[in-house]
Amino acid sequence: MSLTDNLMKIHTIAILLFLYAPIAIVVLSSFNEYGGLSSFKFTTRWYESLLQNSTVWKAFSNSLLVAILCALISVILGFISAYGLVRANTAFKSSIESIFYIPIIIPEITEALSLLLFYNLLSFPLGFISVLIGHTAFSISFVFVVSKARLAGFDRSLEEASMTLGANRLQTFIKITLPLSAPGIIASMLLSFTLSWDDFIKTVFTTGPGFQTIPLVIWSQSARGGVSPELNALTSLMLVISITLSYLYVKMIKR
Amino acid sequence: MEFLKIKMKILSRIGLHGTSLFLLFPPLVFLAIFFYIPFIIAFLYSIGIIGRDRVINIAPTLSYFIEALNPLYLKVVANSLYIAAITTISCLIIAYPVAYYIALKASYKLRNLLMIAVILPYWISFLLRTYALMTILSSLNMLFTYHAVVIGMIYDYLPFMILPLYVNLEKLDRSLLEASYTLGASPTKTFLKVTLPLSLQGIIAGCILVFVPATGEFIVPYMLGGVSVTTIGTLTWDLFLKFHNWWRGAALSIIYIFIILAMLIVYVKKIGGIEI
């Protein structure tokens, strides 16, 4: 190994430390009786008080409900659009594709404020439904990209074989296309679940009084520099959920 | 029946056959109503066609755009672009050796492990990661400074630079590097003449993935900068959720969207397509 190789190795290790040290410190302090970093005494009391916090539980169930419904709706809409587009041979293919790509490129805050103005104009009640719609409008595009990649590498002769053997379009779709695309579908559901579960900007712009999700709870407690042991515990739990989802996603996408 | 056949024929001539058109319809309608129409409505607010108490004015006005183009706001826009540019350049300089090492130098087993380490932060929201950084910065007494914001931006956006660079460098044909060495080029020369030009697509993809969202970033400047740093993101937040001046806020965001679109169009025209 040459000198430059060694320098690059040290640099890589240093950067990974930079990326993970803050996360590790949050997890460690969540188990610390004294909260901060100076002295350490193991405790689970912050997690226990978290479990008794009714605001957190309410926000947790809100987050979960929005994320599950968002994953279901956007996977249906995103997958059928990817399927429709991959199967169509149209001159407008790339224009239709860009309709789905733009929501990914546009900065989220502009989308959030436009939705707020839209809801206000229609006097749409702000809360669960308005948040769910906002999350879904954004997730569809991500599902579209993942599903499209999956369907592009799909062996179409299997579909043709099925049709030749007498199955109709719908039967072929249900018995051949759907099972073969299952890993991609599950992967994009996990992706849209996570996008919704973690979303802050769009939620804060489109929510109404009384409807809070977990990111909003973390935000409202930390916005003014408030670092508390209970918040560390909540953040650590959220980290565990995000990491689990990403693990499942990578497993699915590799199949 | 005959009518239907002709219709199918026309449709297939355009290329869109019946089923696909039918399948694409619901998602496109959903996106049109809940993504594209809201932008049109934001535009109608910005030119005053939708006024206070949702009164529709026939005559559009440019007054909100003139308000949004005042020197104070322009400074905020310039400041956001500046912070985003510093973030992008810093991320590129920091991320390149990391991606290079993982893609070309690490052993196969180590590479997979490092790869997971690089992808993982993608799945952790900015809010959580910024909060984690906040705990450190507050114990270092660095919170609410300009430097805290820049560090936070680099911290949050670094994975967005490492991943496209890694994906690109990993595909690099190693025999080209060997050929360059065999022909007598030094490692530096090989890097400058072979590796760097070949990884240009990855560099550009990474820069766009960092720069565009960084210009509109809200969480980092708000949580780590407090009142000391104002960006497009924090100004939009204040205009909408604090002062309820939606008209001026809409005008500001329309200007901002145009800046972003102009940059992307220049990019697509010059380089051609976003390949990630």
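Calculation notes
Residues numbered from 1 in each chain as written. Chains lettered and ligands numbered in written order. Predicted model: local features only at pLDDT ≥ 70, side-chain atom pairs only at ≥ 80, totals over all residues. Helix = DSSP H or I, 4+ residues; strand = E, 2+ residues; numbered from the N terminus. Rg over C-alpha atoms; globule rule 2.2 N^0.38 Å. Buried ≥ 20, exposed ≤ 12 C-beta atoms within 10 Å, placed from the backbone. Contact = placed C-beta atoms within 7 Å. Domains from an automatic or database assignment. Nonpolar A, V, L, I, M, F, W, Y, C, P; charged D, E, K, R; others polar. Core = buried A, V, L, I, M, F, W, Y, C linked by C-beta atoms within 7 Å. Axes fitted to C-alpha atoms, helices over the stretch in contact; angles between N-to-C directions. Parallel < 35°, antiparallel > 145°, perpendicular 65-115°, else oblique. Left-handed = near helix turned anticlockwise from the far one by under 90°.

All right, on to the overall build of chain B then. Assigned secondary structure in chain B consists of 13 helices and 0 strands. Along chain B, helices (α) and strands (β) appear in the sequence α-α-α-α-α-α-α-α-α-α-α-α-α when read from the amino end. Computed over the C-alpha atoms, the radius of gyration of chain B is 24 Å, more than 25% above the 19 Å expected from 2.2 N^0.38 for a compact globule of 276 residues. For chain B, the spread of C-alpha atoms along the three principal axes comes to 75 × 70 × 30 Å. Of all 276 residues assigned to chain B, the portion counted as buried reaches 40%. Pairs at least 24 residues apart make up 70% of the contacts formed inside chain B by residues separated by at least 6 positions.

The next thing to look at is the domain arrangement of chain A. Residues and elements named next belong to chain A. When its domains are assigned, chain A resolves into domain 1 (1-43) and domain 2 (54-254). Using C-alpha coordinates to define each centre, domain 1 is positioned 32 Å away from domain 2. At the interface, 7 residues of domain 1 touch 6 residues of domain 2. Its residues assigned to classes, the side of domain 1 that touches domain 2 comprises 3 nonpolar, 4 polar and no charged.

The next thing to look at is the environment of I50 of chain B. Residue position: I50 of chain B is located in the loop between α2 (18-46) and α3 (63-68). Here I50 of chain B falls in the buried class, since 22 other C-beta atoms lie within 10 Å of it. Along the sequence, I50 of chain B and P60 of chain B sit 10 residues apart, while their C-alpha atoms lie 9.0 Å from each other. Other than its neighbours up to four places away in sequence, I50 of chain B contacts L121 of chain A together with L44, Y45 and I56 of chain B.

Next up on the list: the nonpolar core. Grouped together as the largest cluster of nonpolar side chains are 101 residues, with contacts concentrated most on L117 of chain A together with A95, A99, Y157, L158, M161 and I162 of chain B. Here this core takes 14 residues from helix α7 (residues 146-170) of chain B, the largest share from any one element. If near-sequence neighbours (up to four positions away) are discounted, A99 of chain B is found in contact with I162, L165, Y166 and L169 of chain B. In this structure, V146, F193 and W197 of chain A together with F35 of chain B belong to the second largest nonpolar core, which totals 36 residues.

Another point: unusual backbone geometry. The phi angle of most residues is negative, glycine excepted, and most peptide bonds adopt the trans form. All names here are of chain B. Here the phi dihedral of N141 falls at roughly 60°; this positive angle occurs in a residue that is not glycine. Along the chain, N141 falls in the loop between α6 (126-139) and α7. One non-glycine residue with positive phi stands out, namely F144, at about 65°. Within the fold, F144 resides in the loop between α6 and α7.

Attention now goes to the packing of helix α5 (residues 108-121) of chain A against helix α12 (residues 232-242) of chain B. In contact at an axis separation of 11 Å, α5 of chain A and α12 of chain B are set at 10° when each is read in the N-to-C sense. By the angle class used here, α5 of chain A and α12 of chain B are roughly parallel. The handedness of the crossing between α5 of chain A and α12 of chain B is left-handed. Facing α5 of chain A, whose interface residues are I109, L113 and L116 of chain A, α12 of chain B presents G233, T236 and F240 of chain B.

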